[in-house]
Amino acid sequence: MERVLFVASEGVPFVKTGGLADVIGSLPQALQAHEELEVRVMLPYYDEIGEEWQEKMEYLTTYDVHVGWRKQQAALYTLTHENCVYYFISNDYYFSRKGIYGYYDDGERFVFFSHAVITALPLIDFTPDVLHAHDWQAGLAVLLAKVMQPLPNLKTVFTIHNLKYQGLMPTDVYEDFFQMDRGHLAGMEWDGMINSLKAALFHADKITTVSPTYAEEIKEPYYGEGLHQMIRERDADVIGILNGIDTTEYHPLTDPHLPINYRTARSKKRGNRELLQEEIGFTYHPDRPLYVMVTRLVEQKGLHLVQRIIDDFLKEDIQFLVLGTGEQEFEDYFTYLEGAYPDKVKTLLTFSEQLARRIYASADFLLMPSKFEPCGLSQLIALQYRTVPIVRETGGLKDTVTAFNKETGEGNGFSFTNYNAHELLHVLDYSLEIYRDTEKWKQLIKNVNKGAYTWKESAKQYKELYKEIVSPTNQLNEQGAI
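Residues numbered from 1 in each chain as written. Predicted model: local features only at pLDDT ≥ 70, side-chain atom pairs only at ≥ 80, totals over all residues. Heavy atoms only, no water.

K.L.:
So what exactly am I meant to see when it comes to the overall build of the protein chain here?
P.N.:
A count of helices and strands for the protein chain gives 20 helices and 18 strands. Whereas a compact globule of 482 residues would reach a radius of gyration of roughly 23 Å, the protein chain reaches 23 Å, a difference of no more than 12%. When the backbone C-alpha atoms are referred to their principal axes, the protein chain occupies close to 65 × 55 × 45 Å. Residues classed as buried in the protein chain amount to 58% of the 482 residues present. Contacts in the protein chain between residues far apart in sequence, at least 24 positions, make up 71% of those at least 6 positions apart. In the form shown here, the protein chain has an accessible surface area of approximately 19900 Å², with 47% of it arising from carbon and sulfur atoms. Of the side chains in the protein chain, 47 bear a positive and 69 a negative charge, and the two mean positions are spaced by 5 Å. (Helix = DSSP H or I, 4+ residues; strand = E, 2+ residues; numbered from the N terminus. Rg over C-alpha atoms; globule rule 2.2 N^0.38 Å. Buried < 20%, exposed > 50% of the residue type's maximum accessible area, 1.4 Å probe, protein only. Contact = heavy atoms within 4.5 Å. Areas by Shrake-Rupley, 256 points an atom, 1.4 Å probe, with all protein chains shown as cover. Lys, Arg positive; Asp, Glu negative; His and termini not counted. Charge placed at Lys NZ, Arg CZ, Asp CG, Glu CD.)

Structure representation (structure tokens):
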């Protein structure tokens, strides 16, 4: 049996800011469906974690954590949720704050977390064969596992959820934060800065990304965020494994957030839409298709493309609903758009999980024209809620959405290739054409209804990856290589 310890900065149901938390909340359970695996998870103990969870935690121990020349204390707690054991590392100075990111000392906070993780390994009743770290906040744990060697034969896997965020710090903090020979700085330094993500890429035994297409894209300068050459050098150790979703948690038949539950019935989707639009003050027009965006309002999500063409598309008999918060430029623009088209556009500058679920359950189309998208979960949730995605062919969007072909009747959505506003407008017009063609629309929805968006296949790939690095000789024997 391979024992795997996930290390991450957030995880559902305890604390969430984005898709990383969904992965950490659902992938361990999918992995533990395999008898050959035992997976546990280690997270920071934030004040943001709800009291209902804090009350269930069991105190384990307090221990010293050396961050450079300073000695800090960490307290370790645990609880079991859905047959998975979670550990929480507590430190009031670093984690008793409002929110979990966005502080000037985020680098130091997650240096401490990485040190605390590695120091805790001999103290828990679990000896992992693999430490699986996620994104830059846990990236330095990969480096420290190699340098500090807390457990014999410990292997490491590092998953890139978004290469854009790298955990940069000035190099003059090296002595402050690390009790290591200066020679180790070479594996951490990038462009004159300490780069937490680069340190993980340099030291990890295997590197994964959250979709096969993104694994190839990040080897190129356009997507590589300055690290493409290094990723090319590690090419043999890089694998793209597509994210899934927890289809028990995200299921329109059982979702407690929906006023009307359904499996595939379009009439019940329309019922959800009518109730939602009445509640948010958005006039309901049963004959108009509803296009939605549930997104962070940032450039990455393709919003400049939307700005270029949305006036043209709104000449059609459609409605458009936006849910999200983000950069002021986009918040202002979508507020203006609602004012210009009050009967066709509604902008909700907030985020609520309940509201997001209700929008997925009400919409006909989800729009995701992303500039880049490592995997994307919104399109998977949309498909699960029988809503048709419209995406740009990048990263996981390309791997999960197949363009509908009106000649063959194949495909589960709509897509366009280049980051170009007119291509987006063209595919929007095409989606409306299919919507208005009753027979072709029925075929498209039939394709959507047949899809499976679980972790099942991806969990198998992770299982094989862990097996390969823990027992490489056995793997070679099984393959007949020796």
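K.L.:
Sorry, what's going on with the sheet that holds strand β8 (residues 168–170) here?
P.N.:
Pairing between the strands of a sheet comes from backbone hydrogen bonds, and it takes one of two forms, parallel or antiparallel. If you trace the three strands from one edge of the open sheet to the other, you get β8-β10-β9, paired in antiparallel fashion. Every other strand in the sheet has two partners, leaving β8 and β9 (189–190) as the edge strands with one partner each. With three bridges joining them, β8 and strand β10 (residues 193–195) adopt antiparallel strand pairing. Bridging from a neighbouring strand, M169 pairs with I194 of β10. Those strands touched by helix α7 (residues 196–203) are β8, β9 and β10, and its axis lies near 55 degrees from that of β10. (Pairing = 2+ DSSP bridges. Axes fitted to C-alpha atoms, helices over the stretch in contact; angles between N-to-C directions.)

K.L.:
Hey, could you run me through helix α5 (residues 135–148) in this one?
P.N.:
Helical geometry: 3.6 residues make up each α-helical turn, so side chains three or four residues apart lie on a common side. Counted at 1.5 Å a residue, the expected span for α5 with its 14 residues is 20 Å, and the 20 Å between its end C-alpha atoms agrees. The element α5 is largely enclosed, with a buried count of eleven among its 14 residues. Considered for burial, the residues of α5 that qualify are D135, W136, Q137, A138, G139, L140, A141, V142, L143, L144 and A145. (Expected span 1.5 Å × (residues − 1).)

K.L.:
So what exactly am I meant to see when it comes to the side chain of Q277 here?
P.N.:
Locating Q277 in the fold gives a position in helix α11 (residues 266–280). In this structure the side chain of Q277 is engaged in a polar contact, spanning 3.3 Å, whose partner is the side chain of Q319. (Polar contact = N/O pair within 3.5 Å; in protein donor to acceptor, adjacent residues only side chain to side chain.)

K.L.:
Whenever I open this one, the packing of aromatic side chains confuses me. Can you help?
P.N.:
Each aromatic ring pair is described using two quantities: the centre-to-centre distance and the angle formed by the ring planes. Tallied over the entire structure, the rule returns 30 aromatic pairs. Ring centres 6.1 Å apart and planes at 50 degrees place the aromatic pair Y101 and F110 in the tilted group. Given the relative accessible area of 27%, Y101 is considered partly exposed. Between Y435 and W441 the ring centres are 5.0 Å apart and the planes differ by 70 degrees, which places this aromatic pair in the edge-to-face class. For W441, a relative accessible area of 11% gives the class buried. Of the aromatic side chains, those joined through ring pairs into one cluster are Y46, Y93, Y94, F95, Y101, F110, F112, F113 and W136. Lying over the aromatic face of W69, R70 brings its terminal NZ or CZ to 5.2 Å of the ring centre. (Phe/Tyr/Trp six-rings, centres within 6.5 Å; stacked < 30°, edge-to-face > 60°. Lys NZ or Arg CZ within 6 Å of the ring centre and 35° of its normal.)

K.L.:
Looking at this model, I keep getting lost on the pairing of strand β4 (residues 70–81). Mind explaining?
P.N.:
It is a general feature of regular strands that their side chains alternate between the two faces of the sheet. Pairing of strand β3 (residues 58–67) with β4 involves nine bridges; the strand directions are antiparallel. Each bridged residue has a counterpart across the sheet, and for H66 the counterpart in β4 is K71. With antiparallel pairing between neighbouring strands as the criterion, β3 and β4 make up a hairpin whose turn holds two residues, including G68 at a positive phi of roughly 65 degrees. As defined by bridge partners, β4 adjoins strand β5 (residues 84–90) across seven bridges and the pair is classed as antiparallel. Of the residues in β5, the one forming a bridge with T78 is Y87. Two successive antiparallel strands, β4 and β5, enclose a turn made up of two residues, where E82 displays a positive phi of approximately 50 degrees.

K.L.:
Got a minute to help me understand the side chain of D105 in this structure?
P.N.:
Tracing the chain through its elements places D105 in the loop between α3 (92–95) and α4 (106–120). Polar side-chain contacts of D105 include one of 2.8 Å to the side chain of R97.

K.L.:
Looking at this model, I keep getting lost on the sheet that holds strand β12 (residues 238–240). Mind explaining?
P.N.:
Pairing is mixed across the open sheet formed by nine strands, whose spatial order is β3-β4-β5-β2-β1-β6-β7-β11-β12. Two strands bound the open sheet, and with one partner strand each, they are β3 and β12. On average, each strand axis in the sheet is tilted by 25 degrees relative to the strand beside it, whichever way the strands run. Sheet topology note: the strand β2 (residues 37–44)/β5 ladder contains four bridges and is parallel. Among the inter-strand pairings, L43 is bridged to a residue of β5, identified as F88. Most of the contacts of α5 go to strand β7 (residues 155–160), to which it runs at about 160 degrees, and overall it touches β1 (2–7), β6 (130–134) and β7.

K.L.:
Can you walk me through the nonpolar core in this structure?
P.N.:
Note that soluble globular proteins tend to have their nonpolar side chains buried in a common cluster. Among the nonpolar cores identified, the biggest contains 95 residues, and I89 and F178 are the most heavily contacted of them. Formed by 68 residues, the second largest nonpolar core is a distinct cluster that contains V306, A356, M368 and L432. (Core = buried A, V, L, I, M, F, W, Y, C linked by side-chain atoms within 4.5 Å.)

K.L.:
What should I look at first to understand α4 in this one?
P.N.:
For α4, which comprises 15 residues, the first-to-last C-alpha distance of 21 Å matches the rise-based estimate of 21 Å (1.5 Å per residue) to within 8%. Of all 15 residues making up α4, 14 are buried, and the element is well covered by its neighbours.

K.L.:
How should the pairing of β2 be read in this particular structure?
P.N.:
Across the eight residues of β2, seven count as buried, placing the element largely inside the fold. As judged from the six bridges shared by β1 and β2, these two strands associate in the parallel manner. By the bridge assignment, E2 is partnered in β2 with L37. This β-α-β element, β1 to helix α1 (residues 19–31) to β2, shows right-handed connectivity. (Right-handed = clockwise from strand over helix to strand, strands pointing away.)

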